[in-house]
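# Results of the structural survey
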Amino acid sequence: MPQRPGASLHAGVALRELDEEEVLAQVLPLLPADPDAVVGPGDDAAVVITGTRIVTTTDTVVLGRDWRDDWSSGADVGHKVVTQNLADVAAMGGRPTGVLLTLVADPAVGLDWVLDHAGGVGEACRAAGVGVLGGDLSSAPPGVVMVSVTALGALPGDPVLRSGARPGDVVAIHGSLGLAAAGLRLLEAGTPERHAKAVARQRRPHSPLAAGPQAAAAGASAMLDISDGLLRDGRRIARASGTVLDLDPGRLQSDVDALAPALGRAAAQACVLRGGEEHSLLATFPGRMPPGWRAIGVVRAAATGQAPGVLLGGRPCEVGGWDHFRQSR
Ligand SMILES: [Mg+2]
């Protein structure tokens, strides 16, 4: 298997051999500043000026639970935790403006891993045009490494909630389906060469961040990012809205076709329908969709006695997807 690039977790000088100031002196130059911050990293807290509503969210990744050191580099982990947070801001209709970063690590972790990680955080933030406002560095018991990001975003209009889908709305997706889950399956099978793009997407997810505010401006009635699978996340919109999302399997065929040669058809279909960590945006529109979105279904009223949920081609389906506490897929 091609080794992931970047320092492994315990290579080189360990954090325990340095003090916090020495670590921060090397980490901070890797992180982009927020040009609009009145006070950035280095004081007790950051200060920003805002003229709009602020969206804020937080998300954490844990070694051994959300990533494996032999599959993902520190930089990959940085990309992933930033992207999943910024995707949540975009999914509300917000434009990400800044992040706060917390690293909690076993002191045996190497400085090189931390710098690689900070480099990945910096790269993902720069790509999204957001600065790092501040953060925290803390030590943990042996074996524990955890990264948490809190993101801020500006919300020019009303937030797009999960509860706004109405019968007759079009269900639409912006971005890919199933790639990140396919990459995970290939890493698990030890055959990452079968679909390099899927494996790259598992390591570094991509979210169409600009599409969130565009969808909001175009009147999207509900929106979220696909973090736990199309069917499971679709059901979240359906339940919050008290509606049924009826997805058209024919509209998902190209996604399945793209993965089938590497995975086989059944697994490809499972990834498209139930694969998490994709961070594409799923929304419902009462009118015309903005460019870049594609229709994959319609919102229907729940029939008498029918629970709100997701249908596939008019039929009930096994939702599956990722559940953190049941730890099942
Ligand atoms: Mg989300």
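Residues numbered from 1 in each chain as written. Predicted model: local features only at pLDDT ≥ 70, side-chain atom pairs only at ≥ 80, totals over all residues. Heavy atoms only, no water.

### Observations concerning the sheet that holds strand β6 (residues 145-155)
Within the open sheet, the 4 strands sit side by side as β3-β6-β4-β5. Their pairing is mixed. Each of the sheet's edge strands pairs with one partner strand only, and the pair in question is β3 (53-62) and β5 (131-139). Ignoring strand direction, the axes of neighbouring strands in this sheet form an average angle of 15°. As paired strands, strand β4 (residues 95-105) and β6 are joined by 10 bridges and run antiparallel to one another. Bridged to G98 within β6 is L152. Along the sheet face, helix α2 (residues 74-91) touches β3, β4 and β6 and points at about 145° away from the line of β3. (Pairing = 2+ DSSP bridges. Helix = DSSP H or I, 4+ residues; strand = E, 2+ residues; numbered from the N terminus. Axes fitted to C-alpha atoms, helices over the stretch in contact; angles between N-to-C directions. Contact = heavy atoms within 4.5 Å.)

### A few points about the sheet that holds strand β8 (residues 222-225)
If you trace the 7 strands from one edge of the open sheet to the other, you get β8-β10-β7-β11-β9-β12-β13, paired in mixed fashion. Two strands bound the open sheet, and with one partner strand each, they are β8 and β13 (315-316). In terms of strand pairing, strand β7 (residues 170-174) meets strand β11 (residues 294-301) through 4 bridges, oriented antiparallel. Residue pairing in the sheet places V170 in a bridge with V298 of β11. Sheet strands touched by helix α7 (residues 230-241): β8, β9 (243-247), β10 (281-285), β11 and β12 (309-312). Its angle to β9, the strand with the most contacts, is close to 150°.

### Focus: the packing of helix α8 (residues 253-263) against helix α9 (residues 265-274)
Put simply, α8 and α9 touch, their axes get as near as 7 Å, and they point 130° apart. Regarding the angle of α8 to α9, the classification is oblique. Viewed along their axes, α8 and α9 form a crossing whose handedness is right-handed. Across the interface between the two elements, Q253, D255, V256, D257, L259, A260 and L263 from α8 touch R265, A267, A268, Q269, C271 and V272 from α9. Residues of the contact of α8 with α9, tallied by class, amount to 8 nonpolar, 2 polar and 3 charged. (Parallel < 35°, antiparallel > 145°, perpendicular 65-115°, else oblique. Left-handed = near helix turned anticlockwise from the far one by under 90°. Nonpolar A, V, L, I, M, F, W, Y, C, P; charged D, E, K, R; others polar.)

### With respect to the environment of L209
Here L209 lies in the loop between α5 (196-203) and α6 (211-217). Once residues lying within four places of it in the same chain are set aside, the contact partners of L209 are L86, A87, A90 and A128.

### Some thoughts on a negative patch on the surface
On the surface, D19, E20, E21, E22 and D136 cluster together to form a negatively charged patch. It is helix α1 (residues 20-27) that contributes the most residues to the negative patch, 3 residues altogether. Following the sequence through the fold, E21 ends up in helix α1. (Patch = residues over 30% accessible without salt bridge, like charges linked within 9 Å, V, L, I, M, F, W, Y side chains within 5 Å. Areas by Shrake-Rupley, 256 points an atom, 1.4 Å probe, with all protein chains shown as cover. Salt bridge = Lys/Arg side-chain N within 4 Å of Asp/Glu carboxyl O. Lys, Arg positive; Asp, Glu negative; His and termini not counted. Charge placed at Lys NZ, Arg CZ, Asp CG, Glu CD.)

### Considering unusual backbone geometry
One non-glycine residue, E277, lies in the positive phi region at around 60°. Examined against the element boundaries, E277 turns out to sit in the loop between α9 and β10. Within the chain, H279 stands out as a residue other than glycine whose phi angle is a positive 65°.

### So, helix α4 (residues 179-189)
Most of α4 sits out of view: 8 of its 11 residues are buried. Structurally, α4 contributes buried residues whose contacts are with α5, α8 and α9. Downstream of α4 by a residue or two, G190 has a phi angle that is positive, lying close to 75°. (Buried < 20%, exposed > 50% of the residue type's maximum accessible area, 1.4 Å probe, protein only.)

### Looking at the domain arrangement of the protein
Domain boundaries assigned for the protein yield domain 1 (33-155) and domain 2 (162-316). Using only C-alpha atoms to locate each centre, domain 1 and domain 2 end up separated by 25 Å. Taken together, the 20 residues of domain 1 in the interface contact 19 residues of domain 2. Carbon and sulfur atoms supply 60% of the area that domain 1 and domain 2 bury against each other, a total of about 1600 Å² over both sides. Considering only the side of domain 1, the residues that lose the most area to domain 2 are W71, K80 and A91, jointly responsible for 37% of the buried surface there. Along the contact surface separating domain 1 from domain 2 lie 3 salt bridges. Across the salt bridge formed by R204 and E123, the nearest N and O atoms sit 3.2 Å from each other. Summed over the shared surface of domain 1 and domain 2, the result is 6 residue pairs in polar contact (both at pLDDT 80 or more). (Domains from an automatic or database assignment. Buried area = accessible area lost by both parts, 1.4 Å probe. Polar contact = N/O pair within 3.5 Å; in protein donor to acceptor, adjacent residues only side chain to side chain.)

### Here we look at the nonpolar core
Counting 40 residues, the largest nonpolar core has L230, L247, L252, L259, L282 and I296 as the members making the most contacts within it. Sort the elements by how many residues they give to this core and α4 lands first, with 6 residues. Among residues more than four places away in sequence, those in contact with L252 are L177, L230, V272, L273, I296 and L312. (Core = buried A, V, L, I, M, F, W, Y, C linked by side-chain atoms within 4.5 Å.)

### Focus on the coordination of the magnesium ion
On the protein side, the magnesium ion has D88 (OD) and D225 (OD) as donor atoms, found 2.0 Å from it. Of this pair, D88 sits in helix α2 while D225 sits in strand β8, and the two are 137 residues apart along the sequence. Judged by its relative accessible area of 3%, D225 is buried. (Donors = N, O, S within 2.8 Å, 3.2 Å for Na, K, Ca; no water.)

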